[in-house]
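Architecture at a glance
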Amino acid sequence: MTTKMFGQPIRRTEDPRLVTGNGRYLDDLGHDALEVAFVRSPHAHARLTDIDVTGALDVEGLVAIYTHEDLEAEDIAGMAEPLPMLIPHPTLTHGRTQCALARTEVNYVGEAIAMVVATDRYIAEDAAERISVVYELLPAVVGVEAARAAEHLVHDDVPGNVAARMVQQTGDADAAVDGAPHSLGLDLAIERSASMPMEGKGVLAKWDSDDSSLLVHTSTQTSTSVRQAIAAKLGLPVDRVEVVTPDVGGGFGVKIMHPWPEEVLVPWAAIRLGRPVKWTEDRREHFVSSAHERGQLHQVRVGYDDEGHLLGLSVRFWHDNGAYTPYGLIVPIITSTQLLGPYKPGVYRVEFASLYTNTVIVTPYRGAGRPQGCFVMERVMDAIAADLGLDRTLVRERNFIQPGEMPYEQGLVFQDGRQLTYDSGDFPASLAKLKTLVGWDDFPAFREQAQAEGRTVGIGLACYVEGTGVGPYEGGHIRVENDGTVVVSTGLTSQGQGHQTMLAQIVADELGMPMDRIRVTTGDTRRFKYAVGTFASRTAVMSGSAMALTARKVREKALRIAADALEASVDDLEIVDGQVRIKGAPASRIDMGTVAVLSNPLRYAFDEAARRATQFAPAADPTKPPVAAGDAPGLEATDFYSPTQSTFANGMHAVVVEIDRDTCDIKILRYCVVHDCGTIINPMIVEGQIHGGVAQGVGGALYERMEYAEDGQLLNASFMDFLMPYASEVPTVEIDHLQTPSPLNPLGVKGAGEAGVIPGSAAIASAIEDALGLTIRRMPISPSELFHLRLTSAESAGPVETLRKVRS
Amino acid sequence: MKPSPFTYHRPRSIDEALAMLSAHGDAGKVLAGGQSLVPLMSMRLAAPADLIDINHIAELDSVDVTDSHVRVGAIARHSRLEADQAVYDAIPLLRQGLVNVAHPTIRNRGTTVGSLVHADPAAEMPAVLTLLDGVVELRTANDTREVAAADFFEGPMQSAIRPGELAVAASFVRPPRGSGSAFLELSRRQGDYAMCGVGALVTTDDENAITSARVALISVGDGPVLVEVTEAISGSGGGFDEPALRDLVDERIEAEPDIHASAEYRRHLAHVLTLRALDEAHQRARRAGRRHRVA
Amino acid sequence: MATETLVHVSFHVNGTLHELELPARRLLSDALRHDLKLTGTHVGCEHGVCGACTVLVDRAPVRSCLVFAVSLEGARITTVEGCCTDGGDMGPVQQAFQDCHALQCGFCTPGFITTITAYLAQNADPTAEEAREAISGNLCRCTGYQNIVAAVQRAAALRKATDRTRRDPSGEVSTGSTTGVES
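1. Description of the interface of chain C and chain A
Many authors give the size of an interface as the accessible area that is lost as the parts come together. Counting residues at the interface gives 51 residues for chain C and 58 residues for chain A. For the pair chain C and chain A, the two sides together bury roughly 4,700 Å², of which 56% comes from carbon and sulfur. Across the chain C-chain A interface, the total number found is 6 salt bridges. The closest approach of N and O atoms between Asp 27 of chain A and Arg 33 of chain C, which form a salt bridge, is 2.8 Å. Counting the contacts that link chain C with chain A gives 31 residue pairs in polar contact (both at pLDDT 80 or more). Ranked by residues supplied to the side of chain C that touches chain A, first place goes to helix H2 (residues 92–99) of chain C with 5 residues.

2. So, the interface of chain C and chain B
Opposite the 30 residues of chain C that make contact, chain B presents 30 residues. Across the chain C/chain B interface, buried area totals approximately 2,300 Å², and carbon plus sulfur atoms make up 59% of it. Counting the surface chain C buries against chain B, the share from its top three residues, Arg 25, Leu 66 and Phe 68 of chain C, is 27%. Across the pair Glu 46 of chain C and Lys 2 of chain B runs a salt bridge whose closest N-O atoms are separated by 2.6 Å. Remark: the boundary between chain C and chain B carries 11 residue pairs in polar contact (both at pLDDT 80 or more). If you list the elements that add at least two residues to the side of chain C that touches chain B, you get strand E1 (6–13) and strand E4 (60–63) of chain C. The element that contributes the greatest number of residues to the side of chain C that touches chain B is E4 of chain C, accounting for 4 residues. Split into classes, the residues belonging to the side of chain C that touches chain B amount to 16 nonpolar, 7 polar and 7 charged.

3. Overview of the sheet that holds strand E10 (residues 166–173) of chain B
Residue and element names in this part refer to chain B. Here 5 strands make up an open sheet; going across it, the order is E4-E5-E10-E6-E7 and the pairing antiparallel. The strands lining the two open edges of the sheet, one partner per strand, are strand E4 (63–65) and strand E7 (144–148). Recorded for the sheet is a direction-independent mean angle of 20° between the axes of neighbouring strands. Pairing geometry for E4 and strand E5 (residues 69–73), over 3 bridges, is antiparallel. Residue pairing in the sheet places Val 63 in a bridge with Val 72 of E5. Together, strand E6 (135–139) and E10 form the strand contacts of helix H1 (residues 14–24), whose direction differs from that of E10 by roughly 120°. In this fold helix H8 (residues 124–131) packs onto E6 and E10, with an angle of close to 55° to the strand it touches most, E10.

4. Here's the deal with the nonpolar core
In terms of nonpolar packing, the biggest core is built from 143 residues, with Tyr 422, Leu 702 and Ile 768 of chain A together with Leu 217 and Phe 240 of chain B touching the most fellow members. Not counting chain neighbours up to four residues away, the residues in contact with Phe 240 of chain B comprise Val 202, Ile 210, Ala 213, Val 229, Ala 232, Ile 233, Ser 234, Leu 245, Leu 275 and Leu 278 of chain B. Within the second largest apolar cluster, 76 residues are counted, among which are Tyr 108, Met 257 and Ala 727 of chain A together with Phe 107 of chain C.

5. Notes on the packing of aromatic side chains
Residues and elements named next belong to chain A. If you walk through the whole model with that rule in mind, you get 19 aromatic pairs over all chains. A centroid spacing of 5.8 Å and a plane angle of 50° characterise the contact between Phe 414 and Phe 648, whose relative ring orientation is tilted. Highlighted residues: Phe 414 in the loop between strand E16 (408–413) and strand E17 (419–422) and Phe 648 in strand E26 (residues 647–659), separated in sequence by 234 residues. Centre to centre, the rings of Phe 443 and Phe 446 are 5.5 Å apart; their planes meet at 45°, and the pair counts as tilted. Of this pair, Phe 443 and Phe 446 both sit in helix H14 (residues 443–452), separated by 3 residues, roughly a single helical turn. Residue classification places Phe 443 among the buried positions, given a relative accessible area of 5%. Judged by its relative accessible area of 32%, Phe 446 is partly exposed. Taking NZ or CZ as reference, Arg 148 lies 4.3 Å from the ring centre of Trp 318, over its face. The ring of Trp 260 is capped by Lys 201, whose NZ or CZ atom sits 3.9 Å from the centre of that ring.

6. Quick look at the sheet that holds strand E13 (residues 210–218) of chain B
Residue and element names in this part refer to chain B. Here we have 4 strands laid out as an open sheet, ordered E11-E12-E13-E14, and antiparallel in their pairing. Looking at which strands have only one partner, the edges of the open sheet turn out to be strand E11 (179–187) and strand E14 (225–228). Taking each pair of neighbouring strands and ignoring which way they run, the sheet shows an average axis angle of 15°. Inspection of the sheet shows strand E12 (residues 194–204) paired to E13 by 8 bridges, in the antiparallel sense. Within E13, the residue paired with Thr 203 across the bridge is Ser 212. Along the sheet face, H8 touches E11, E12, E13 and E14 and points at about 155° away from the line of E13. Each of E13 and E14 touches helix H10 (residues 242–252); the most contacted strand, E14, lies at about 145° to it.

7. Description of the environment of Pro 731 of chain A
Residue placement: Pro 731 of chain A occurs in the loop between helix H19 (683–702) and strand E28 (733–738). When the C-alpha atoms of Pro 731 of chain A and Arg 47 of chain A are compared, they prove to be 47 Å apart, with 684 residues separating the residues in sequence. Discounting residues that sit within four places of it in the chain, Pro 731 of chain A has contacts with Ile 668, Tyr 671 and Val 698 of chain A together with Arg 132 and Gln 146 of chain C.

8. Brief notes about the domain arrangement of chain B
Residues and elements named next belong to chain B. By the assigned domains, chain B splits into domain 1 (7–56), domain 2 (58–173) and domain 3 (179–294). One C-alpha centre belongs to domain 2, the other to domain 3, and the line joining them spans 21 Å. The interface of domain 2 with domain 3 comprises 22 residues on the first partner and 21 residues on the second. Buried area between domain 2 and domain 3, both sides added, is near 1,700 Å², and the carbon and sulfur share of it is 62%. By the criterion of area lost to domain 3, the three top residues of domain 2 are Gln 96, Pro 121 and Leu 131, representing 32% of everything that side buries. At the junction of domain 2 with domain 3, the criterion picks out 1 salt bridge. In this structure, Arg 214 engages Asp 133 in a salt bridge whose closest nitrogen and oxygen atoms are separated by 3.3 Å. The interface formed by domain 2 and domain 3 includes 6 residue pairs in polar contact (both at pLDDT 80 or more). If you list the elements that add at least two residues to the side of domain 2 that touches domain 3, you get helix H5 (92–98), H8 and strand E8 (153–155).

9. Considering the packing of helix H15 (residues 499–511) of chain A against helix H16 (residues 539–566) of chain A
Residue and element names in this part refer to chain A. Running from amino to carboxyl end, H15 crosses H16 at an angle of 30°, the nearest separation of the two axes being 9 Å. For the element pair H15 / H16, the angle class is roughly parallel. Handedness of the crossing formed by H15 with H16: right-handed. Across the interface between the two elements, His 499, Met 502, Leu 503, Ile 506, Val 507, Glu 510 and Leu 511 from H15 touch Thr 539, Ala 540, Ser 543, Gly 544, Met 547, Ala 548, Ala 551, Arg 552, Val 554 and Arg 555 from H16. Its residues assigned to classes, the contact of H15 with H16 comprises 10 nonpolar, 4 polar and 3 charged.

10. Description of helix H20 (residues 760–772) of chain A
All names here are of chain A. For H20, which comprises 13 residues, the first-to-last C-alpha distance of 18 Å matches the rise-based estimate of 18 Å (1.5 Å per residue) to within 8%. In terms of burial, H20 is a largely internal element, 11 of the 13 residues being buried. Buried residues of H20: Gly 760, Ser 761, Ala 762, Ala 763, Ile 764, Ala 765, Ser 766, Ala 767, Ile 768, Glu 769 and Ala 771, and no others. Residue Gly 773 follows H20 closely and has a positive phi angle near 70°.

11. Here's the deal with H15 of chain A
All names here are of chain A. With 13 residues, H15 extends 18 Å between its outermost C-alpha atoms, agreeing within 8% with the 18 Å of an ideal straight helix rising 1.5 Å per residue. Most of H15 sits out of view: 12 of its 13 residues are buried. Burial in H15 covers these residues: His 499, Gln 500, Thr 501, Met 502, Leu 503, Ala 504, Gln 505, Ile 506, Val 507, Ala 508, Glu 510 and Leu 511. One or two positions beyond H15, positive phi appears at Gly 512, with a value near 65°.

12. With respect to the pattern of salt bridges
All names here are of chain A. Applying the stated criterion to the full structure yields 80 salt bridges over all chains. Notably, a salt bridge pairs Glu 307 with Arg 398, separated by 3.9 Å at the nearest N-O pair. In this pair, Glu 307 is assigned in the loop between strand E13 (296–304) and strand E14 (310–320) and Arg 398 in helix H12 (residues 392–399), connecting sequence segments 91 residues apart.

13. A look at a negative patch on the surface
All names here are of chain B. A surface patch of negative charge is lined by Glu 231, Asp 241, Glu 242, Asp 247, Glu 251 and Asp 279. Ranked by residue count, the leading element in the negative patch is H10, at 3 residues. Residue position: Asp 247 is located in helix H10. Judged by its relative accessible area of 48%, Asp 247 falls in the partly exposed class.

Criteria and cut-off values
- Along each chain, residue indices are assigned from 1 in the same order as the chain's sequence is written.
- Working convention: letters from A go to chains and numbers from 1 go to ligands, in the order in which they are written.
- pLDDT decides what is reported in this predicted model: residues at 70 or higher carry local features, side-chain atom pairs at 80 or more are listed and counted, and totals for whole chains, interfaces and linings draw on all residues regardless.
- With hydrogens and water excluded, all non-hydrogen atoms of the structure serve as input to the side-chain values.
- Contacts are residue-level and defined by heavy atoms, with any inter-residue pair within 4.5 Å sufficient.
- The term buried area refers to how much accessible surface (probe radius 1.4 Å) is lost by two components on association, counted for both of them together.
- Between Lys or Arg on one side and Asp or Glu on the other, a salt bridge is scored when a side-chain nitrogen of the former is within 4 Å of a carboxyl oxygen of the latter.
- In protein, a polar contact means a hydrogen-donor-capable atom and an acceptor-capable atom, both N or O and within 3.5 Å, with residues adjacent in sequence counting only if both atoms are side-chain atoms; elsewhere, any N or O pair within 3.5 Å suffices.
- Helix and strand definitions here come from DSSP, where helices need a minimum of 4 consecutive H or I residues and strands a minimum of 2 consecutive E residues; each element is numbered from the N-terminal end.
- All amino acids are sorted into three groups, where Ala, Val, Leu, Ile, Met, Phe, Trp, Tyr, Cys and Pro are nonpolar, Asp, Glu, Lys and Arg are charged, and the leftover types, Gly among them, are polar.
- When DSSP finds two or more bridges between two strands, those strands count as paired.
- Only the stretch in contact is used when a helix axis is fitted, and all axes are lines through C-alpha atoms; the angle between N-to-C directions ranges over 0 to 180 degrees.
- Here, nonpolar core means buried Ala, Val, Leu, Ile, Met, Phe, Trp, Tyr and Cys residues that are tied together by side-chain atoms lying within 4.5 Å of each other.
- Under the scheme applied here, a residue whose accessible area is under 20% of the maximum for its type counts as buried, over 50% as exposed, and between as partly exposed, the area being computed with a 1.4 Å probe on protein chains only.
- In summary, the pairing rule links any two rings of Phe, Tyr or Trp, Trp by its six-membered ring, whose centres are within 6.5 Å, and it sorts them by plane angle into stacked for under 30 degrees, edge-to-face for over 60 and tilted for everything else.
- By definition, being over a ring means that NZ of Lys or CZ of Arg is both within 6 Å of the ring centre and within 35 degrees of the ring normal.
- Marked domain ranges trace back to an automatic or database domain assignment.
- Reported orientations rely on four angle classes, namely roughly parallel under 35 degrees, roughly antiparallel over 145, roughly perpendicular from 65 to 115, and oblique for the rest.
- Here is the rule for handedness: rotate from the far helix to the near one, and if that takes an anticlockwise turn smaller than a right angle the crossing is left-handed, while a clockwise turn gives right-handed.
- One fewer than the residue count of a helix, multiplied by 1.5 Å, yields its expected span.
- In this analysis, a patch consists of residues with relative accessible area above 30% that form no salt bridge, clustered at 9 Å for like charges and at 5 Å for the nonpolar side chains Val, Leu, Ile, Met, Phe, Trp and Tyr.
- Every accessible area reported is derived by Shrake-Rupley at a probe size of 1.4 Å, with residue values counting cover from the shown protein chains alone.
- This count recognises Lys and Arg as positive and Asp and Glu as negative, with His and chain-terminal groups excluded.
- In this description, the location of a charge corresponds to atom NZ of lysine, CZ of arginine, CG of aspartate or CD of glutamate.

See below:
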């Protein structure tokens, strides 16, 4: 009897390799490749007047130096042009992207100006150091306020630094606010952070001049799309380009952005030089030339009744998109729509301006705009509760969409261009579970006892919904080999989420095959060519569903062939432990590998498996073709899953904090999570995702911010001063699950990848407020800032308070 | 982030090292633990032409406990000093300071003498040396001198060491009988540089009265800031007069803002931690006194 | 600009002696990864904060990105590859990591494994709090640390259960002592 794999905390198949030091991350490959370093702009905004490479030319081991001029000189038109605008949008009227190497102007510290190729990275850096660039400095625009004030422009042809202005509304929200019995205005701010995976980016390219083909390895979240982009930019036929994602040391969104300049430059150089070329990003480069996210300022007006029901919600916000907009407006659109959370907002209007600044570009980081939206909505809920003297959970309960109201249309357009419709979820049940888990009703007693001991404690909560499994599609391919091995592939990629294990679990169950016979490949365009990518918590939903559908096709074919061979009816068969057998008569069986042999009517018997299979070969019917019309040789299938819309996961977090009365140090005593991601495939993997997300949420609430000086220098471009939490800073997470299956896909699953991070800042702010009786309107917050907040003891109305002067 | 090229020297004796230092003058930099120097070189903020690696000079790998001092050789690692029980019995403040230095892994390679020479105003060991009136022994090919802690830390990242000199050892003075010490700091994360840190030394007499008290603060000046606080002692058995303590501390520190803490918050921490450290040191002094009387 | 002078250095890695001629500025992390092709040790920051590059030098955890390879004459170095059993199977720490789902992308993992291997040799039975403190010098962006803390304690249990002659992490065989404390 095969044990069911689906729903089990199966140990990961990826692990033995990874824990013994046998991972194959980008820099582990290509030991013979030439290596690359870049000259990057040290200025936030400048014109390039001259690039002088002569000082570098006598560096022993130097192979080549390239600037934009070299890109222009080629016949490949694509290379000199700006990089693609990946996700255009009608409201993105002033989208701008950078060139792979800067042409005449640089717009952020870190922008690539020259590429140096040498025999190793040490030497490449020696040469890069000797290249001298003459700059004409221009005023730098840093921060949302400066961008908004537009005293200076990032791009001369973008008035007001506004890339886009967008409004979505369900009615006249301002009138609803004005007409409400109660109303409040809040100014809120969230500061920049970044994905910051432990492995930076990297690209390795090999050009085979014999058959004019390019093989690229890149640490990405989307091989298929990078492939298309490289082919387009380099003017190569797509089928002459293959992109393989190696082991990836974390992505968290930053590696979904593509093509990075390096992703086109490194292959381009490999073709020119006729030798493999590799670039491994170092940490400083990652800080100043990858992507950041989170920076937004919000102005909110909310109207509500005596019970705390929302009547009108009007949100205006300003999104800092950095110097360019290759990823379009995805992040602020997600903020606009996911801000609503599990609530009915009354009349809702959201308007945003996406603004340019002379800083690193902004593309999605786990949560992708949802943390900001959640912060805003949850602060509103707490503010209403405070104003009316109501319990904070009660106000939320009163505004919840009820389970009986599902599916619920919010009347807005989501990031996938479709109507924002919540398909499922039981918010009251989630909240009830959370209150039990954290002991919400017992907290006043705990607080009293703590106070008696001279301790200051507080409790907070935050709720969110997350649209997951966004389309347009993902696919799966399964082939059973002659030896019974099951070769599985999907086009999207993995960065540690255990996709190989999770997909194997699905295939094992659907196909009755043991896990150890299943080999899963992800992110290799040689094996699977149609995919979108890993982002937006979509893998389980998209690839998982596709894989289930694919496996069912293979199963159906296997049973059909086996039925013939065993002279039984398909309905009488089952597949157990890799054997197709007659139910109730297990001695009559045929190994799946043998079925695979039978599915391929070859003239030749290559091996033992093929020879043995001949005993099962039914007498051939000479009037029929060996491969029937519409059928195909092989025990394999491909299928795709393409949903009509996203499926909505949800969750609620509760936090208990303690504040040191003297030092204002903030300690998290308890962190509780109730999480609904529908049907769970591997609970161990899901919980791992939540733990990791919570750690990033804690980081974003208390530690992580990008410190930009007025001149656009990133002051904390290292792990010494950009504070990611160690284990000492992250609490133990207590988790309870709710499973409201998704009605939208065959497995009933919803995404789980981003859940842990979304409400972190909101829940922690809520708890600190509760502890100190202050109002918190911006995150992250440090002990120093809390100290000052307590001194001033007033609601911080302005979006920015410069509490620190930087040492010059 | 890779360092620039340099010429590497691996002396096997102190004399050889000194000869190399004298030959290379300003261009020569000593490599001991490297935990501060190597990242600076990787970021190309430092690019010495010559590196004199003293890690293979056995004579420098010493830790000696005498009746009056603990003498630490140039390449004795922080972790060795931290773990040494005889060192702890002689001067508990050493371990109390050391456990705050970065992370254990860094302490396995970093050296205490190296930390003193590096003279970071946020570093703990300069404060410990200062609090204990220790000295640093400097040698050239022709000369030896000792510089007292009070004169050793000249400014941020600037010690009294001259080109061609090697710091061969540092000696920490054992505090008098009846002393207690503590080292407290507050940093953003485990192992980070402190926003503010305070080492405290309290000495009591046979009647348990505090005879002297002093603190050394880090991250609130150009180097460790020594503050004598004996006059802020309130009463014979009791603690400290808080306002007086704050004034004494305020007179000596210069709190600057940075991205982790405002100047005001730093100053506030200096007050809070000074009091806490003194209290803890005082508790330990009383315990030490009791043990001694019982014995 | 002249070719760099190479410096001779010899040290053991995972029990094997290597005689190398390296540029003086070659960091140990790069020497291990590119000169010796032991790519299990990873580079996350090159300024000593993340700990992904942590290896054991004479049994003590050290950041290999903060040491020049040529400075380690005569040292005995252990990398994550050396934390396996004699037969090349997963050692107790590695097994614990799989059992507890203590890794996701696996990039930071080698640094944790070497650190924890050394830690357990000194502290064979840590509490959860001690285990958390022991790992608080290594960054992980994926796991939120909770399962790594569990893995430390699970590894301690697996080590106790292993009651035979084992190869100690420096590549030398030690007998009997389940704590693996060095002589």
